[in-house]
Amino acid sequence: MRLRNITGSREVIQSSPFVIDEEALDTCPGRWGEIFGNTHPLHIEIGMGKGRFIYTMAKNSPDINYVGIEKYSSVLLRAIQKMEEEALPNLKFIRMDAEDIDKVFGGGEVDKIYLNFSDPWPKDRHARRRLPSRQFLDRYDRILKRDGRLEFKTDNRGLFDFALEELEPAGWRADIITYDLHSDDKLMEGNIMTEYEEKFSSKGNPIYKYIIFR
């Protein structure tokens, strides 16, 4: 059975205290400090999958608030199960399409954005759906603090090359670029691997990463 088709997953998500109710999302912009009950920095992961990366980040950094965003209900269900085993007060989830990301966070409200092993959308006509596209970079620009950073990891060379080509037209610049993350000892310090990263790197596939800013 495909993970995204598990029966009843949407009902579990709707009743979970770890997930922001979809009907309340339009009230969230500018209120994330209130939602978490503190003024800590806010980091978000778009397309978090089963949640291993963001859960580990939140557990390791209790002084940072994290929001994990995932569009597929049955994938998000796995992250909820992690939270049910050990709840973290600095982590919330949202089930939504990333196209609406700038409707959920206020201008300059986010300190850092993570994109990990995003869907490559290989057909040219779908380029604007790719999370590192200039269309999405424009959305990120609206919600990210002026000194904020965006970190992107992938094993897909075509997607990574595309992402780099999008930077200049979108008005972004690269702080760090690597074509073999796991061979860079400095960048690997504190690196949290996603499920996909562990899988692909174990096969010897290079992992590409950039850190960008405006």
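This write-up is about the structure you can find in this document. Being a predicted model, the structure only gives us computed values, none of them experimental.

## A look at the overall build of the protein chain
1) Next: Looking only at helices and strands, one finds 8 helices and 7 strands in the protein chain.
2) Next: In terms of overall dimensions, the protein chain is globule-like: its C-alpha atoms have a radius of gyration of 17 Å, near the 17 Å expected for 214 residues.
3) Next: The proportion of buried residues among the 214 residues of the protein chain is 47%.
4) Next: Long-range pairs, those at least 24 residues apart, make up 77% of the contacts in the protein chain with a sequence separation of at least 6.
5) Next: For the protein chain, the exposed surface amounts to about 10800 Å²; the carbon and sulfur share of it is 45%.
6) Next: Taken together, the 33 basic and 37 acidic charged side chains of the protein chain have centroids lying 4 Å from each other.

## A look at the layout of surface pockets
1) Next: Here the largest pocket defines a volume of roughly 980 Å³.
2) Next: Residue lining of the largest pocket: 38 residues in total, with G47, E70, Y72, F117 and D119 positioned closest to the centre.
3) Next: Those elements that place two or more of their residues in the lining of the largest pocket are β1 (42-46), α3 (52-60), β2 (65-70) and α8 (195-202).
4) Next: If you tally residues by element for the lining of the largest pocket, the top one is α8, at 4 residues.
5) Next: Taken as a whole, the second largest pocket holds about 260 Å³ of empty space.
6) Next: If you trace the second largest pocket, you find 15 residues lining it, with M57, Y114, E151, G190 and K209 closest to the centre.
7) Next: Secondary-structure elements contributing two or more residues to the lining of the second largest pocket are α3, β4 (110-116), β5 (144-154) and β7 (208-213).

Basis of the calculations
Residues numbered from 1 in each chain as written. Predicted model: local features only at pLDDT ≥ 70, side-chain atom pairs only at ≥ 80, totals over all residues. Heavy atoms only, no water. Helix = DSSP H or I, 4+ residues; strand = E, 2+ residues; numbered from the N terminus. Rg over C-alpha atoms; globule rule 2.2 N^0.38 Å. Buried < 20%, exposed > 50% of the residue type's maximum accessible area, 1.4 Å probe, protein only. Contact = heavy atoms within 4.5 Å. Areas by Shrake-Rupley, 256 points an atom, 1.4 Å probe, with all protein chains shown as cover. Lys, Arg positive; Asp, Glu negative; His and termini not counted. Charge placed at Lys NZ, Arg CZ, Asp CG, Glu CD. 1 Å grid on protein atoms, 1.4 Å probe; cavity = no way out; pocket = protein on both sides within 12 Å on 5 of 7 lines; lining within 4 Å. Points joined across faces, edges and corners; volume = space filled by probe spheres on them.

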